[in-house]
Amino acid sequence: MEIKFILESLLFSAQRPMSVKELREVLVNAATEENAEDAAKPFKKIKEDDLAAALEELVREHEAAARSYRLVCVAGAWQFVTQPEFSPWLKALIGVKNRPPRLSQAALETLAIIAYRQPVTRAEVEQVRGVNVDGTMQTLLERALVEQSGRAEVVGRPALYSTTAVFLEYFGLRSLEDLPAADELRRIPIERPPAPVTAEAGLATVPPEQLLLNEEAKMKNEETPPAASPEMNG
């Protein structure tokens, strides 16, 4: 039996999208269970690359057949979805689900900056947009479209933000590599604060500007000759 038809049956029966890794686990489990059927045993050592190739072949076949549904990969998981032109009848069948309001233009602009420059700090996003993004960032975090992904190695250690799997699902993207080209956005320069500087080993870090002031004061003291003592004047 061809692997593509096995995958097709699994995805049709699944109640949720499935990744290549999950599909392989199903095949291995079917081949290694105690009373495994002979038809399942050949796929015991199937590779994920072979599964991915079979899925891509299914995509091409369904596109060529021009069916009412298609096979797609969104956020790394595969599923069958109905073609968008059939939405009027599907809405009548299942009703329109309550969906969160559409993203505002400001939210879309902020999300685009994060998507193309990630990981990025809030201050860096504001440099590109030229406006405060506190409220917009909160909206994106609440919608789980972005998340905190670490801290920048600069003074103050501000939070870094990146997009999530929900972001990929929202825009129907397989991965970040499917984002449209945005070279102009990537070329906008961002001035990042300097990394923390330690005054001496074992001591807490201090702002670089304070270290500079301390160094200048030290050099000035070294260059100024000491005042003559009363004994020398007498």
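Scroll up to find the structure this text is about.
Brief notes about the side chain of Thr 121
By the secondary structure assignment, Thr 121 is in strand S3 (residues 120-121). Its relative accessible area of 5% is what places Thr 121 among the buried residues. The residues contacting Thr 121, other than those within four sequence positions of it, are Ala 152, Pro 158, Ala 159 and Leu 160.

Comments concerning the pairing of strand S1 (residues 69-74)
In this structure, S1 lies alongside strand S2 (residues 77-82), joined through 6 bridges in antiparallel fashion. Note on S2: the bridge partner recorded for Cys 73 is Trp 78. Between the antiparallel neighbours S1 and S2 lie 2 residues, among them Ala 75 with a positive phi of about 55°.

Here's the deal with the packing of helix H1 (residues 3-13) against helix H2 (residues 20-32)
In the contact formed by H1 and H2, the axes pass within 11 Å of each other and the chain directions differ by 105°. Relative to H2, the element H1 is oriented roughly perpendicular. Residues Ile 3, Ile 6, Leu 7, Leu 10 and Leu 11 of H1 form the contact with H2, whose own contacting residues are Leu 23, Val 26 and Leu 27.

Observations regarding helix H6 (residues 122-129)
Within H6, the full set of buried residues consists of Glu 124, Val 125 and Val 128. Summarising the axial view, the buried residues of H6 lie within an arc of 100°, below the 170-degree limit, and thus occupy one face. Backbone geometry just downstream of H6 places Gly 130 in the positive-phi region, at approximately 80°.

Some points on the packing of aromatic side chains
The tally for this structure, following the rule as stated, stands at 5 aromatic pairs. Between Phe 12 and Phe 80, the ring centres sit 4.3 Å apart and the planes meet at 10°, which makes this aromatic pair stacked. Placement of the pair is Phe 12 in helix H1 and Phe 80 in strand S2, with a sequence separation of 68 residues. Its relative accessible area of 45% is what places Phe 12 among the partly exposed residues. Taking 4.9 Å as the distance between ring centres and 65° as the angle between the ring planes, the aromatic pair formed by Tyr 170 and Phe 171 counts as edge-to-face. On the accessibility criterion, Tyr 170 (34% relative accessible area) is partly exposed.

Some points on the environment of Tyr 69
As for its position among the elements, Tyr 69 is in strand S1. Once the C-alpha coordinates of Tyr 69 and Phe 80 are considered, the two residues, 11 residues apart in sequence, prove to be 6.6 Å apart. Discounting residues that sit within four places of it in the chain, Tyr 69 has contacts with Phe 12, His 62, Phe 80, Val 81, Thr 82 and Gln 83.

Cut-offs used in this document
- Residues numbered from 1 in each chain as written.
- Predicted model: local features only at pLDDT ≥ 70, side-chain atom pairs only at ≥ 80, totals over all residues.
- Heavy atoms only, no water.
- Helix = DSSP H or I, 4+ residues; strand = E, 2+ residues; numbered from the N terminus.
- Buried < 20%, exposed > 50% of the residue type's maximum accessible area, 1.4 Å probe, protein only.
- Contact = heavy atoms within 4.5 Å.
- Pairing = 2+ DSSP bridges.
- Axes fitted to C-alpha atoms, helices over the stretch in contact; angles between N-to-C directions.
- Parallel < 35°, antiparallel > 145°, perpendicular 65-115°, else oblique.
- Arc of directions from axis to C-beta.
- Phe/Tyr/Trp six-rings, centres within 6.5 Å; stacked < 30°, edge-to-face > 60°.

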